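Structural description and commentary
Okay, here's what each chain looks like letter by letter:
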Amino acid sequence: MPSITVESCTFALFGALGDLALRKLFPALYQLDRAGLLHADTRIFALARENGEAQQHLACIGEHLLRHVPANEVDKAVLQRFQARLSYLTMDFLQADDYDALAEQVGSGERLIAYFATPAAVYGGICANLARVGLAERARVVLEKPIGHDLESSRAVNDAVAQYFPETRIYRIDHYLGKETVQNLIALRFANSLFETQWNQNHISHVEITVAEKVGIEGRWGYFDQAGQLRDMIQNHLLQLLCLIAMDPPSDLSADSIRDEKVKVLKALAPMTGEQLSQQVVRGQYVAGSSDGKAVPGYLEEENSNTRSDTETFVALRADIRNWRWAGVPFYLRTGKRMAEKMSQIVIHFKAPPHYIFDPEQRQLIGNKLIIRLQPDEGIALQVMTKDQGLDKGMQLRSGPLQLNFSDTYRSARVPDAYERLLLEVMRGNQNLFVRKDEIEHAWQWCDQLIAGWKRLGDSPKPYAAGTWGPMGSIALITRDGRSWYGDL
Ligand code: BG6
């Protein structure tokens, strides 16, 4: 039995027939049920605009569940119990009268968790309607990204929600924070004095953060083309990773202690303009190429595409953090769709020893690297220098890993999906894996000035073939500083 106890609550999932709910939220709730982490009285209201028989919609949710939960994790008894918790209600989320039925069925007393898997434009309206029927006082609201598309629009959404909910009951999702390996960054940094003493500009030369995806746009062209890779991935996931790597040690694990430290990092990000922007940021857009040996179309040939779009599907950039700890240590960020493989990894490059005494030819090998692999093959490797073995080798050096592979080491444990962790933490009222309003706003502020700079420069994305590591400019970006992306040597 789990050592965590959870109180009974009622979930109201707005947008219950959307892709996110079907693919991630219901499977995550099912897994929580299977793990004994849903209270016996917990109920789930699936709310969506679609008319028709409730039974039909519930059957559709059930079908998707079976598609997204691995067969060996489907337990008939749990499935039955889980399905008995579900009800479906047709609602127009902006129609006040539609909330009466919800209020009536939810009843009084219990904690309500209102999850908004809808466009952010309706968040304010949902909050107002929940308040009107008296459901707001006992609700926590969960907001999906994207919250706005720039600082101004994100403020408008946050302000609309804040009229009805205090910050302590607002849970803004960045699903990367729910990934086990991302949470592990906190353990790695603050439970090991070995690393923390080295974690600054005296010992680290630069940091790389790569979040590469193999998939293309996959039917999401309409949304993605309005956003682009900077808004879709850098503004949230990559900046969150950067914060977890760069922040000072928080005084405890409370949500505000962690979030205060992250905000300090975001505030210290150096803005980029003019010449610096064109040297330090590279945008790309994929053209036709191949993935897994199959020909795939370019971004402008995808279904429903506008053939003249100049939205970027790739960004590489150099970010500098203006503070005592990180002065002179560039953070190279890189993310793209339709890249050579799906891989998220952080590489911390340590400086070379101050005095070099080995073979001059081997000098470029020197410098320890800490490689934190977030997905797939989650694990940590520390590249260390040793002497090559053998009588004929003299003092020849070799770089090899001290390695910890999570799935081999903790073989028995199933790695929970990020949404399982996040839904559990909402039930427990723990906000430390959620993003505070000021974090989102500082992240937007920094991204907005990049977007404004691109517009001023008339910068258009550079083409790269699908199935590669992005445009050549991303290599130039790092080689200009005398470095290369890890693995490119
Ligand atoms: C989402 C983005 O937030 O993250 C998607 O909107 C992206 O475009 C996805 O594909 C990546 O998440 P993960 O967990 O697959 O790395």
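Residues numbered from 1 in each chain as written. Predicted model: local features only at pLDDT ≥ 70, side-chain atom pairs only at ≥ 80, totals over all residues. Heavy atoms only, no water.

Section: the overall build of the chain
Secondary structure summary: the chain contains 15 helices and 17 strands in total. A compact globule built from 489 residues would reach a C-alpha radius of gyration of about 23 Å, and the chain, at 24 Å, matches this within 12%. In terms of overall dimensions, the chain has a C-alpha envelope of 80 × 55 × 45 Å along the principal axes. Every one of the 489 residues in the chain was classed for burial, and the buried ones make up 52%. (Helix = DSSP H or I, 4+ residues; strand = E, 2+ residues; numbered from the N terminus. Rg over C-alpha atoms; globule rule 2.2 N^0.38 Å. Buried < 20%, exposed > 50% of the residue type's maximum accessible area, 1.4 Å probe, protein only.)

Focus on the state of the cysteines
Across all of its chains, the model carries 0 disulfides by this definition. Just so you know, Cys243 is unpaired, no disulfide at all, and the nearest cysteine sulfur is the one on Cys447, 11 Å from it. Look at Cys243 and you get buried, because its relative accessible area is 0%. (Disulfide = S-S within 2.5 Å.)

What about the nonpolar core?
Core analysis: the largest hydrophobic core is formed by 132 residues, its most contacted members being Phe14, Phe26, Leu102, Leu130 and Phe331. Ranked by residue count, the leading element in this core is helix α9 (residues 221–246), at 11 residues. Once residues lying within four places of it in the same chain are set aside, the contact partners of Leu130 are Phe14, Tyr99, Leu102, Leu112, Ala114, Phe116, Leu135, Ala136 and Phe165. (Core = buried A, V, L, I, M, F, W, Y, C linked by side-chain atoms within 4.5 Å. Contact = heavy atoms within 4.5 Å.)

Examining the sheet that holds strand β12 (residues 331–336)
In space, the 9 strands of this open sheet follow the order β16-β15-β14-β13-β7-β12-β11-β8-β17, with mixed pairing throughout. The open sheet has two free edges, formed respectively by β16 (397–405) and β17 (462–465), since each of these has just one partner strand. Recorded for the sheet is a direction-independent mean angle of 20 degrees between the axes of neighbouring strands. Examined bridge by bridge, strand β7 (residues 204–212) and strand β13 (residues 343–350) share 8 bridges and lie antiparallel to one another. Bridged to Ile209 within β13 is Ile346. Of the strands in this sheet, β7, β11 (314–319), β12, β13 and β14 (369–375) touch α9, which is tilted by about 145 degrees from β12. Its contacts with the sheet place helix α14 (residues 437–457) against β8 (281–287) and β11, and it is angled at close to 115 degrees to β11. (Pairing = 2+ DSSP bridges. Axes fitted to C-alpha atoms, helices over the stretch in contact; angles between N-to-C directions.)

Quick look at the packing of aromatic side chains
According to the stated counting rule, one finds 15 aromatic pairs in the structure shown. With 5.1 Å between their ring centres and 75 degrees between their planes, Phe14 and Phe93 make a pair best called edge-to-face. Here Phe14 is found in strand β1 (residues 9–14), whereas its partner Phe93 is found in the loop between β3 (86–90) and α4 (98–106), with 79 residues between them in sequence. For the pair shown, Phe14 and Phe93 are each scored as buried. When the centroid spacing of 6.2 Å and the interplanar angle of 75 degrees are considered together, the rings of Tyr332 and Trp485 count as edge-to-face. One end of the pair, Tyr332, is in strand β12; the other, Trp485, is in the segment after α15 (472–479), and 153 residues separate them in sequence. The residues Tyr332 and Trp485 share a single accessibility class, namely buried. (Phe/Tyr/Trp six-rings, centres within 6.5 Å; stacked < 30°, edge-to-face > 60°.)

Structural notes on the pairing of strand β4 (residues 111–116)
Burial analysis of β4 places 5 of its 6 residues in the buried class, the great majority of the element. Alignment of β1 against β4, held across 6 bridges, turns out to be parallel. Its bridge partner lying in β4, Thr10 is registered against Leu112. Relative to strand β5 (residues 139–143), β4 is paired through 5 bridges, and the arrangement is parallel. Counterpart to Tyr115 in the pairing with β5 is Val142. For the segment spanning β4, helix α5 (residues 123–132) and β5, crossover handedness is right-handed. (Right-handed = clockwise from strand over helix to strand, strands pointing away.)

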